[in-house]
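So you can see what is in the structure, the chains are spelled out below.
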Amino acid sequence: MTMGMAGAVTGKIAGTPTGTGAGTLTAADAEACASRSYEVQLLAGRLTACADQADALLSQLARLELQGWQSPAGRAYRTALSLQAASLRRSRDALQDAAATVLGHARNVALSGPWGP
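Residues numbered from 1 in each chain as written. Predicted model: local features only at pLDDT ≥ 70, side-chain atom pairs only at ≥ 80, totals over all residues. Heavy atoms only, no water.

## Let's talk about the overall build of the chain
Looking only at helices and strands, the chain features 3 helices and 0 strands. Counting from the amino terminus, the chain carries its helices and strands in the arrangement α-α-α. By the burial criterion, 21% of the 117 residues in the chain qualify as buried. Within the chain, residue pairs in contact and separated by at least 24 positions form 59% of the contacts whose partners lie at least 6 positions apart. As displayed, the chain has an accessible area near 7800 Å², and 62% of this comes from carbon and sulfur atoms. (Helix = DSSP H or I, 4+ residues; strand = E, 2+ residues; numbered from the N terminus. Buried < 20%, exposed > 50% of the residue type's maximum accessible area, 1.4 Å probe, protein only. Contact = heavy atoms within 4.5 Å. Areas by Shrake-Rupley, 256 points an atom, 1.4 Å probe, with all protein chains shown as cover.)

What follows is the structure, encoded as structure tokens:
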């Protein structure tokens, strides 16, 4: 971070008492927030990658359905496979939701300072 940027980052937070030094954001504080935000963004990326892997597995499961196998064993196999696919779809959806939530948290971390949550 350059000295010019550090000077631009330092300032008072709205609503804090003036003259006390409370709520000043230093360059180090801003850098720490950016670093934490980046780490949280990496976590969101890993969650997204897991959701993508679940999608790939779902497409592989679709190829395993063996529609031509019409015996009772074939029907039981397809039923078991469809139950597993439904569970995997729910897991993929939960991973996608978690990735979106974590990404939103990363934005909040970037906006918050050392005084934030």
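## Observations regarding the pattern of salt bridges
All chains considered together, the criterion is met by 2 salt bridges. Note that Arg92 is salt-bridged to Asp55, the shortest N-O span being 2.7 Å. Linking Arg92 in helix H3 (residues 72-111) with Asp55 in helix H2 (residues 27-63), this pair joins segments that are 37 residues apart in sequence. Between Asp93 and Arg92 there is a salt bridge whose closest N-O contact spans 3.0 Å. Several salt bridges share partner residues, and in doing so they unite Asp55, Arg92 and Asp93 into one network. (Salt bridge = Lys/Arg side-chain N within 4 Å of Asp/Glu carboxyl O.)

## Digging into H3
Compared with the 58 Å implied by 1.5 Å per residue over 40 residues, the 59 Å span of H3 between its first and last C-alpha is a close match. All of the buried residues in H3 are Gly74, Arg78, Leu81, Ala85, Leu88, Arg92, Ala99, Val102, Gly104, Ala106 and Val109. Looking at the buried side of H3, the elements it contacts are H2. (Expected span 1.5 Å × (residues − 1).)

## Regarding H2
Because an α-helix completes one turn every 3.6 residues, residues spaced three or four positions apart along the sequence face the same direction. The terminal C-alpha atoms of H2 lie 54 Å apart, and with 37 residues this matches the ideal 54 Å at 1.5 Å per residue to within 8%. Where H2 is concerned, the buried positions are Ala30, Cys33, Ser37, Val40, Ala44, Leu47, Ala51, Ala54, Leu58 and Leu61.

## Examining the confidence of the model for the chain
Per-residue confidence for the chain averages 76 on the pLDDT scale, and 73% of its residues sit at or above 70. Ranking the helices and strands of the chain by mean pLDDT puts H3 first, with 91, and helix H1 (residues 3-9) last, with 36. Across residues 1-21 the pLDDT falls below 50, and counting only partners more than four positions away or on other chains, this stretch makes 24 contacts in the model. (pLDDT = per-residue confidence, 0-100.)

## Digging into the environment of Arg75
Along the chain, Arg75 turns up in helix H3. Taking the C-alpha atoms as reference, Arg75 lies 9.5 Å from Glu65; in sequence the two are 10 residues apart.

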